[in-house]
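Chain residues, written in single-letter form:
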Amino acid sequence: QVQLVESGGGLVQAGGSLRLSCAASGRTFSMYGMGWFRQAPGQEREFVATINPSSTYTDYADSVKGRFTIARDNARNMLYLQMNSLTPEDTAVYYCGAAKPGLTAADLVGEYEYWGQGTQVTVSA
């Protein structure tokens, strides 16, 4: 089992940056594909970025390509999301997730087995 705890959210002005972190428990973190999703009020949870266990593959939603970077440190059981050039449309609760066994990277909510509690990101105009 994997437990995930996000941190690093907050209030930032448009054009600013934030770095989200996700701390994972368990010795098998390095075996999981990982991802970041976000959910704005009244909307469904949507894919942001995913990374495979060895960090050799990443994928991003079109809305964040070129602005966000996903990374992981398997030695420290950590997942990161560097967010630059933030806009008010990026305002949401951000969740990290661990994909189901056999999925090295995934962009659908149903492909994830474990989720963190989320961290709020608010971007003011």
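Our structure's up above, just so we're on the same page.
All values derive from a computational prediction rather than experimental measurement. Here the residue numbering is sequential within each chain, running from 1 through the sequence in written order. In view of the model being predicted, local features appear only for residues whose pLDDT reaches at least 70, and side-chain atom pairs are presented and counted only at 80 or more, with totals across whole chains, interfaces and linings using the full set of residues. To obtain the side-chain values, all non-hydrogen atoms of the structure were included, while hydrogens and water were left out.

Draft legend 1. Broad picture of the overall build of the chain. Within the chain one finds zero helices and eleven strands. The helix count covers DSSP runs of H or I at least four residues long, the strand count covers runs of E at least two residues long, and both are numbered beginning at the N terminus. Secondary structure elements in the chain, listed N-terminal to C-terminal, are β-β-β-β-β-β-β-β-β-β-β. Based on C-alpha atoms, the radius of gyration is set beside the globule rule, defined as 2.2 Å times the residue count to the power 0.38. Against the globule reference of 14 Å for 125 residues, the chain gives a C-alpha radius of gyration of 13 Å, in line with a compact fold. Expressed as lengths along the three principal axes of its C-alpha atoms, the size of the chain is roughly 40 × 25 × 25 Å. Per-residue burial over the chain gives 45% buried out of 125 residues. Two residues qualify as a contact provided that any one of their heavy atoms is within 4.5 Å of a heavy atom in the partner residue. Sequence separation of 24 or more characterises 58% of the internal contacts of the chain that already satisfy a separation of 6 or more. All accessible-area figures derive from a Shrake-Rupley calculation using a 1.4 Å probe, and residue coverage is judged against the displayed protein chains alone. Put simply, the chain shows about 6,200 Å² of open surface, and 48% of that area lies on carbon and sulfur atoms. Here the chain contributes 9 positive and 11 negative side-chain charges, whose respective centroids are spaced 8 Å apart. Burial classification: accessible surface area is computed with a 1.4 Å probe over protein chains only, and a residue below 20% of its type maximum counts as buried, one above 50% as exposed, and the rest as partly exposed. When charges are counted, Lys and Arg contribute as positive and Asp and Glu as negative, whereas His and the chain ends are disregarded. All charge positions are set by atom: Lys at NZ, Arg at CZ, Asp at CG, Glu at CD.

Draft legend 2. View of the state of the cysteines. Any two cysteine sulfur atoms lying within 2.5 Å of each other are counted as a disulfide. As enumerated under the stated definition, the model contains one disulfide in all. Shown here is the disulfide that connects Cys22 with Cys96, its sulfur atoms set 2.1 Å apart. Around the S-S axis, the bridge from Cys22 to Cys96 shows a dihedral of about 55° and counts as right-handed. Highlighted residues: Cys22 in strand β3 (residues 18–24) and Cys96 in strand β9 (residues 92–99), separated in sequence by 74 residues. Here Cys22 matches Cys96 in class, with each residue buried.

Draft legend 3. Here's a closer look at the environment of Arg67. Checked against the element boundaries, Arg67 lands in the loop between β6 (58–60) and β7 (68–73). With relative accessibility at 17%, the residue Arg67 sits in the buried group. Not counting residues up to four positions away in its chain, the partners in contact with Arg67 are Gln82, Met83, Asn84, Ser85, Leu86, Thr87 and Asp90.

Draft legend 4. How the structure looks around the nonpolar core. With 36 residues, the main nonpolar core has Leu4, Trp36, Leu79, Leu81, Met83 and Tyr94 as its most contacted residues. Top contributing element to this core by residue count: β9, with five residues. Discounting residues that sit within four places of it in the chain, Tyr94 has contacts with Glu6, Leu20, Phe37, Arg38, Val48, Phe68, Leu81, Met83, Gly118, Thr119 and Val121. Residues belong to a common nonpolar core when they are buried Ala, Val, Leu, Ile, Met, Phe, Trp, Tyr or Cys residues joined through side-chain atoms within 4.5 Å.

Draft legend 5. Region of the structure containing unusual backbone geometry. Look at Asn77: it is not a glycine, yet its phi comes out positive at around 55°. Of note, the phi angle at Ser85 is positive, near 50°, even though the residue is not glycine. Turning to its location among the elements, Ser85 is positioned in the loop between β8 (78–83) and β9.

Draft legend 6. Examining the pattern of salt bridges more closely. One speaks of a salt bridge when a side-chain nitrogen belonging to Lys or Arg is within 4 Å of a carboxyl oxygen belonging to Asp or Glu. Under the counting rule described, the total for this entry stands at five salt bridges. A salt bridge links Asp90 to Arg38; the shortest N-O distance between them is 2.9 Å. Here Asp90, found in the loop between β8 and β9, pairs with Arg38, found in strand β4 (residues 34–39); they are 52 residues apart in sequence, far enough to count as distant. Summarising the burial analysis for this pair, Asp90 and Arg38 share the class buried. Close ionic contact of Asp90 with Arg67 constitutes a salt bridge, the shortest N to O distance being 2.8 Å. Residue Asp90 is located in the loop between β8 and β9, and its partner Arg67 is located in the loop between β6 and β7; the two are separated by 23 residues in the primary sequence.

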